[in-house]
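Here's the letter readout for the chains.
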Amino acid sequence: MKRFEVTWKRRLNHNMVWLKIYAPLVAKHAKPGQFIILRTDEFGERIPLTMAGHNEEDGTIDLIYAAVGRTTMLMDQLEVGDCFADIVGPLGKPTHMDGLKRVCVVGGGTGNALAYPLACGMHKHGVETVMIAGFKTKDLVILEEEFRAGVDELYVMTDDGSYGEKGFTTAKLEELIQAGEKFDEVIAVGPPMMMKFTCQIAEKYGIHSVASLTAYMIDGTGMCGGCRCKIGGEDKFVCVDGPEFDGALVDWDDLIRRSAYYKDQEAEDRAHVCRLTGGVRYHD
Ligand code: FES
């Protein structure tokens with residue numbers, strides 16, 4: 001087996017892919033909630049991805065990603081036997097689990113790929129875990145079977161009602177709390193706006209909330225400042241202080257503003273990759 005070789009590939013829906021990659025040193029030390037930074041080739045950009053799992057015996061790590069940016073679209077072209085140029089990790093702090101008895105993990109869209117190891121990791125750790133997984137439509141639902149096998153309770157929601165229950169994850173969370181469900185913690189993983197409202201609902205009912213943030217990263221070691229975010233009025237770095245933060249302390253407006261910084265460049269990059277790859281695989 002070659003270093004950073006793709007050993008397994010599965011398409012989850014029209015633009016989400018699950019890869020297993022041979023990276024024994026990373027797999028040996030990985031814990032739920034941690035991420036890696038990879039490059040597809042020596043000239044490629046460095047992108048962070050949270051690990052969706054790892055297997056120390058096989059020496060593999062799992063990555064689940066949506067092909068929506070330059071690198072992930074290129075990754076979409078990789079097949080079993082292809083290799084990444086480099087993978088650095090595990091980075092970031094592992095998910096905090098000790099002392100928790102019952103939690104609700106709320107995943108939105110592609111964030112469900114990151115919520116998957118987190119929720120299953122909680123369950124494995126002996127924490128009763130309720131998962132609310134939200135998607136726009138039926139076509140975008142991923143990992144349902146895996147969630148069902150890995151958590152205590154699962155609610156699948158779609159915005160348009162084409163699958164599972166109709167409605168937003170935030171509404172389901174509030175419904176469960178109002179019905180008397182007790183949670184030590186609510187953990188939000190998904191788009192910033194969805195995490196903001198999820199954390200606000202938890203706060204409204206006096207429940208501690210945690211948000212798993214994603215950010216633009218370069219070095220992943222706290223040196224470049226690329227992943228700076230404001231937490232409780234202080235500057236923090238997602239790569240070394242996170243990726244999980246107290247949801248009540250996140251400056252959501254700052255985070256949402258920063259996440260739109262490179263929108264134009266990203267659109268250009270996508271168009272470029274579309275030209276290179278035949279342009280058939282681009283989805284917002
Ligand atoms: Fe450079 Fe976090 S990626 S400070």
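Undergrad: I'm lost on the sheet that holds strand E7 (residues 102-108) in this one. Help?
TA: What holds strands together in a sheet is hydrogen bonding between their backbones, with the strands either parallel or antiparallel. The sheet built from 7 strands is open, its strands ordered E10-E9-E8-E7-E11-E12-E15 with mixed pairing. Each edge of the sheet is formed by a strand with only one pairing partner; in this case those strands are strand E10 (165-166) and strand E15 (244-246). Pairing analysis gives 4 bridges linking strand E11 (residues 185-189) to strand E12 (residues 208-212), with the strands arranged parallel. In the sheet register, Ala-188 faces E12, and the bridge partner there is Ala-211. On the sheet, helix H3 (residues 111-124) packs against E7, strand E8 (128-135), E11 and E15 and is oriented at approximately 170° with respect to E8.

Undergrad: How do you make sense of the pattern of salt bridges when you look at a structure like this?
TA: One side chain can pair with another of opposite charge once the charged atoms of both are near each other. Evaluated as defined, the whole model comprises 17 salt bridges. One salt bridge in this structure joins Arg-39 and Asp-86, with 2.7 Å as the shortest N-O distance. Highlighted residues: Arg-39 in strand E3 (residues 35-39) and Asp-86 in strand E6 (residues 86-91), separated in sequence by 47 residues. Note that Lys-172 is salt-bridged to Glu-165, the shortest N-O span being 2.9 Å. One salt-bridge network, in which partners are shared between bridges, spans Arg-102, Glu-128, Glu-153 and Glu-181.

Undergrad: Just to check I follow, could you spell out the sheet that holds E6 for this structure?
TA: As summarised here, the arrangement of the 6 strands in space is E1-E2-E5-E4-E3-E6, forming an open sheet in which the pairing is antiparallel. A single partner strand is all that each edge strand has here, and the edge strands are strand E1 (6-11) and E6. The average angle at which neighbouring strand axes cross in this sheet is 30°, direction not considered. Bridge count between E3 and strand E4 (residues 47-55): 4 bridges; the pairing is antiparallel. Across the sheet, Ile-36 pairs through a bridge with Leu-49, a residue of E4. Here H3 sits on the sheet and contacts strand E2 (16-22), E4 and strand E5 (60-66); the angle it forms with E4, its principal contact strand, is near 40°.

Undergrad: In this structure, what is going on with the environment of Glu-42? I would like to understand it.
TA: Looking at the element boundaries, Glu-42 is found in the loop between E3 and E4. On the basis of relative accessible area, Glu-42 is assigned to the exposed category, the value being 57%. Sequence separation between Glu-42 and Ala-85 is 43 residues; the distance between their C-alpha atoms is 5.9 Å.

Undergrad: What exactly am I supposed to notice about the pairing of E12 here?
TA: Taken residue by residue, a regular strand's side chains alternate between the two faces of the sheet. Counted residue by residue, E12 has 4 buried out of 5 residues, so it is predominantly covered. Handedness of the crossover joining E11 and E12 through helix H6 (residues 192-204): right-handed. As paired elements, E12 and E15 share 3 bridges and run antiparallel to each other. Among the inter-strand pairings, Ser-212 is bridged to a residue of E15, identified as Glu-244.

Undergrad: Would you explain the packing of aromatic side chains in this entry?
TA: Each aromatic ring pair is described using two quantities: the centre-to-centre distance and the angle formed by the ring planes. Tallying each qualifying case throughout the model produces 3 aromatic pairs. Judged by centre distance (5.3 Å) and plane angle (85°), the ring pair of Trp-8 and Trp-18 falls under edge-to-face. Of this pair, Trp-8 sits in strand E1 while Trp-18 sits in strand E2, and the two are 10 residues apart along the sequence. In this structure Trp-8 comes out as partly exposed when scored by relative accessible area, which is 30%. With a centroid separation of 6.0 Å and an interplanar angle of 70°, the aromatic rings of Trp-18 and Tyr-116 are classed as edge-to-face. Within this pair, whereas Trp-18 is found in strand E2, its partner Tyr-116 is found in helix H3, the two being separated by 98 residues in sequence. Pair check on accessibility: Trp-18 and Tyr-116 agree, each one buried. Through successive ring pairs, a cluster of aromatic residues spans Trp-8, Trp-18, Tyr-116 and Phe-147. Lying over the aromatic face of Trp-8, Lys-20 brings its terminal NZ or CZ to 5.4 Å of the ring centre.

Undergrad: So what exactly am I meant to see when it comes to unusual backbone geometry here?
TA: Phi is mostly negative for residues that are not glycine, and the peptide bonds are mostly trans. Of note, the bond from Gly-89 into Pro-90 is cis; its omega dihedral lies within 30 degrees of zero at 0°. Tracing the backbone through its elements, the reader meets Pro-90 in strand E6. In this chain, Gly-242 is followed by Pro-243 through a cis amide linkage whose omega measures 15°. By the secondary structure assignment, Pro-243 is in the loop between helix H7 (238-241) and E15. One non-glycine residue, Phe-4, lies in the positive phi region at around 65°. Its location among the elements puts Phe-4 in the segment before E1. Its identity is not glycine, yet Leu-143 carries a phi of approximately 60°, on the positive side. You can see Leu-143 is positioned in the loop between E8 and helix H4 (144-150). By relative accessible area, Leu-143 is classed as buried at 4%.

Analysis parameters
Residues numbered from 1 in each chain as written. Predicted model: local features only at pLDDT ≥ 70, side-chain atom pairs only at ≥ 80, totals over all residues. Heavy atoms only, no water. Pairing = 2+ DSSP bridges. Helix = DSSP H or I, 4+ residues; strand = E, 2+ residues; numbered from the N terminus. Contact = heavy atoms within 4.5 Å. Axes fitted to C-alpha atoms, helices over the stretch in contact; angles between N-to-C directions. Salt bridge = Lys/Arg side-chain N within 4 Å of Asp/Glu carboxyl O. Buried < 20%, exposed > 50% of the residue type's maximum accessible area, 1.4 Å probe, protein only. Right-handed = clockwise from strand over helix to strand, strands pointing away. Phe/Tyr/Trp six-rings, centres within 6.5 Å; stacked < 30°, edge-to-face > 60°. Lys NZ or Arg CZ within 6 Å of the ring centre and 35° of its normal.

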